[in-house]
Amino acid sequence: MPDSTTSHSTSLDQRFTLPFVHRVRFTHHVAALTNPTLADVFRDDASAASRRAVLVIDMGLHHARPALAQEIVRYAQAHAAQMPVPSEVLVVHGGERAKCGMQTVDEVLALIERAKICRKSTVFVAGGGAVIDAVGFAAAVAHRGVRLVRIPSTTLAQDDGAMGVKNGINAFGKKNFTGSFAVPWAVVCDAELLRTLPVAVFRAGFSEAVKIALLKDPTFFDNIAARASRIAAHDLDAAQPVIERSAALHLEHIAQGGDPFELHEARPLDFGHWAAHRLEALSAYAVSHGHAVALGLLIDCRYSMLKGWLSPQDFERIQAVLAALHLPQSHPLLAEEAAILEGLEQFREHLGGTLTVTMLRGIGVGHEVHEIDTDLMRQAISMTAACAIA
Ligand SMILES: NC(=O)c1ccc[n+]([C@@H]2O[C@H](COP(=O)([O-])OP(=O)(O)OC[C@H]3O[C@@H](n4cnc5c(N)ncnc54)[C@H](O)[C@@H]3O)[C@@H](O)[C@H]2O)c1
Ligand SMILES: [Zn+2]
């Protein structure tokens, strides 16, 4: 006779879906009192105005625009019938330093505790992608998730970084090792903030626009090519349509690609990123994400060409556009091929499951591969390394 206590089991598999709204706005002069954009993102919540808020600002942005934090506070005060008013402003270190270690996360967690921010209260964050990632992680774990309103202030954060539904910091020598998926309450991009960017940081953001164009939209690639030299000259009028198109393509992929929380193995938006993340870590984050992505794209495009998928003519066009944007063509660390190649296994581990890397069959035509020919990839890396000598 079977023992009824050991043979009995119950399964409860309940499927559910959750409605998310990802509110993204593009505007000019976000803190101008007559601009309704920021206040309007709280339109869906009539109780928002009665809640608390804090503002975290990137030190690089704060130095470039010392009045901005108080302008945002004054704006919130003027729109207090619609939105929460920050009771405190915290300035945190900008750049990748914000993501290296727990310091920024701890500072923001302490602020959230001190200012009595609840799950319906808001953390506003204004800054580059690194600060947004670190502050977003703190907001995602405090009380298991408080509202986050992102005000991205770099080209990269506006055309890619702040569109995502993830956050994170670096740990154990690996990019984004610690982090979470969390949909922000809203993202408000102000084109005027890009005026004070150092020109190298301004240009670096366009590697992500080239990436998404190569994956999804050959016409967009032509458009970037036609504007590249004006963009490299910090021309905001030339840059703005590119930033908005890139953001829209990223957002569309996240919202409509069927895998916002990256449960599947394919991660097309990470085209060129396995080598980029490895290079960033190997350089102790001296190579910026935007520059590393440009180099990662060159490596994977060269590999696609060596495999016979991408024509040499298309490769040359891609290389020419990156050069016209004044993005790097090479880096001394690429001489360490074996160390760079370790990035492939780290990438697989980060994604989980089978290795899945996107390669190109043409401009605008990405395709997934699950195996890499190591000898050819070494060749692609060493050809990219050799560009420094040329
Ligand atoms: N979560 C995501 O989905 C996602 C996607 C792409 C990139 N990222 C992350 O974004 C980070 C890169 O972000 P980034 O390219 O914005 O660089 P960044 O955040 O490192 O900022 C670069 C520099 O610009 C300064 N700065 C910011 N705004 C300024 C302004 N308006 N004027 C003057 N200086 C200003 C910063 O202080 C910093 O020194 C990387 O860590 C990358 O991993 C995240
Ligand atoms: Zn990226």
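As the structure is a prediction and not an experimental result, all values here were calculated from the model. (Residues numbered from 1 in each chain as written. Chains lettered and ligands numbered in written order. Predicted model: local features only at pLDDT ≥ 70, side-chain atom pairs only at ≥ 80, totals over all residues. Heavy atoms only, no water.)

(A) Quick look at the packing of helix α10 (residues 218–232) against helix α11 (residues 236–256). Direction vectors running N to C along α10 and α11 enclose 145°, while the axes themselves pass 9 Å from each other. Crossing handedness for the pair α10 and α11: left-handed. Here Phe220, Ile224, Arg227, Arg230 and Ile231 of α10 lie close against α11, whose contacting residues are Asp237, Ala238, Ala239, Pro241, Val242, Arg245, Ser246 and Leu249. (Axes fitted to C-alpha atoms, helices over the stretch in contact; angles between N-to-C directions. Helix = DSSP H or I, 4+ residues; strand = E, 2+ residues; numbered from the N terminus. Left-handed = near helix turned anticlockwise from the far one by under 90°. Contact = heavy atoms within 4.5 Å.)

(B) Representation of the site of ligand 1 in the model. The full set close to ligand 1 counts 25 residues, and Asp58, Gly129, Ser153, Thr154 and Thr196 are the nearest of them. Between ligand 1 and Glu96 there is a distance of 2.8 Å, counted from an oxygen atom to a side-chain nitrogen or oxygen. The separation between an oxygen atom of ligand 1 and a polar main-chain atom of Ala130 is 2.9 Å. Starting from 880 Å² of accessible surface for ligand 1 in isolation, the protein chains cover 87%. Sorting the residues of the shell around ligand 1 by element identifies α3 (59–64) and α6 (129–141) as the ones contributing at least two each. (Near = heavy atom within 4 Å. Polar contact = N/O pair within 3.5 Å; in protein donor to acceptor, adjacent residues only side chain to side chain. Areas by Shrake-Rupley, 256 points an atom, 1.4 Å probe, with all protein chains shown as cover.)

(C) Here's a closer look at the coordination of the zinc ion (ligand 2). Only Glu208 (OE), His273 (NE2) and His289 (NE2) from the protein coordinate the zinc ion (ligand 2), and they sit 2.0 to 2.1 Å from it. All donors of the zinc ion (ligand 2) come from a single chain, and their spacing in sequence reads E-x64-H-x15-H. Note that His273 is positioned in helix α12 (residues 273–282) and His289 in helix α13 (residues 289–306), a separation of 16 residues in sequence. Residue His273 is classed as buried on the basis of its relative accessible area, which comes to 3%. (Donors = N, O, S within 2.8 Å, 3.2 Å for Na, K, Ca; no water. Buried < 20%, exposed > 50% of the residue type's maximum accessible area, 1.4 Å probe, protein only.)

(D) Looking closely at the domain arrangement of the protein. Domains assigned within the protein are domain 1 (23–197) and domain 2 (208–253 + 265–386). Between domain 1 and domain 2, the contact holds 20 residues from the first and 23 residues from the second. For the pair domain 1 and domain 2, the two sides together bury roughly 1,900 Å², of which 64% comes from carbon and sulfur. The largest per-residue losses of area from domain 1 upon contact with domain 2 belong to Phe26, Asp159 and Lys175, which jointly make up 30% of the total buried on that side. Inspection of the domain 1/domain 2 interface yields 3 salt bridges. Residue Glu280 pairs with Lys175 through a salt bridge whose shortest N-O separation is 2.9 Å. Put simply, domain 1 and domain 2 have 5 residue pairs in polar contact (both at pLDDT 80 or more) between them. Contributions of two or more residues to the side of domain 1 that touches domain 2 are made by β1 (23–27), α7 (155–159) and β7 (174–178). Residue contributions to the side of domain 1 that touches domain 2 peak at 4 residues, all from α7. (Domains from an automatic or database assignment. Buried area = accessible area lost by both parts, 1.4 Å probe. Salt bridge = Lys/Arg side-chain N within 4 Å of Asp/Glu carboxyl O.)

(E) Quick peek at unusual backbone geometry. Positive phi, normally seen in glycine, also occurs at Ala284, with a value near 55°. Residue placement: Ala284 occurs in the loop between α12 and α13. Given the relative accessible area of 62%, Ala284 is considered exposed. Although it is not a glycine, Tyr285 adopts a positive phi angle of roughly 65°. Mapped onto the elements of the fold, Tyr285 is located in the loop between α12 and α13. Residue Tyr285 is classed as buried on the basis of its relative accessible area of 18%.

(F) Molecular detail of the nonpolar core. Judged by nonpolar contacts, the single largest core of 67 residues is most densely connected at Trp274 and Met377. No other element matches α13, which puts 10 residues into this core. Domain assignment of the residues forming this core places at least three in each of domain 1 (23–197) and domain 2 (208–253 + 265–386). Once residues within four sequence positions are removed from consideration, Trp274 is found in contact with Ile299, Asp300, Ile340, Leu341, Gly343, Leu344, Phe347, Val357, Met377 and Ile381. Within the second largest apolar cluster, 31 residues are counted, among which are Leu90, Val125, Ala134 and Met163. (Core = buried A, V, L, I, M, F, W, Y, C linked by side-chain atoms within 4.5 Å.)

(G) Region of interest: the sheet that holds strand β8 (residues 186–190). If you trace the 6 strands from one edge of the open sheet to the other, you get β1-β8-β5-β4-β2-β3, paired in parallel fashion. The open sheet has two edge strands, β1 and β3 (85–92), and neither has a second partner. Each neighbouring strand pair of the sheet contributes to a mean axis angle of 15°, computed without reference to strand direction. As defined by bridge partners, strand β2 (residues 52–58) adjoins strand β4 (residues 122–127) across 5 bridges and the pair is classed as parallel. Among the inter-strand pairings, Val56 is bridged to a residue of β4, identified as Val125. Lying over the sheet, helix α4 (residues 68–78) contacts β2, β3 and β5 (147–152), oriented at roughly 165° with respect to β3. (Pairing = 2+ DSSP bridges.)

(H) Expanded view of the side chain of Ser121. Locating Ser121 in the fold gives a position in the loop between α5 (103–114) and β4. The exposure class assigned to Ser121 is buried, which follows from its relative accessible area of 1%. Dropping the residues within four chain positions of it, Ser121 is found in contact with Arg51, Arg52, Lys116, Val146 and Arg147.

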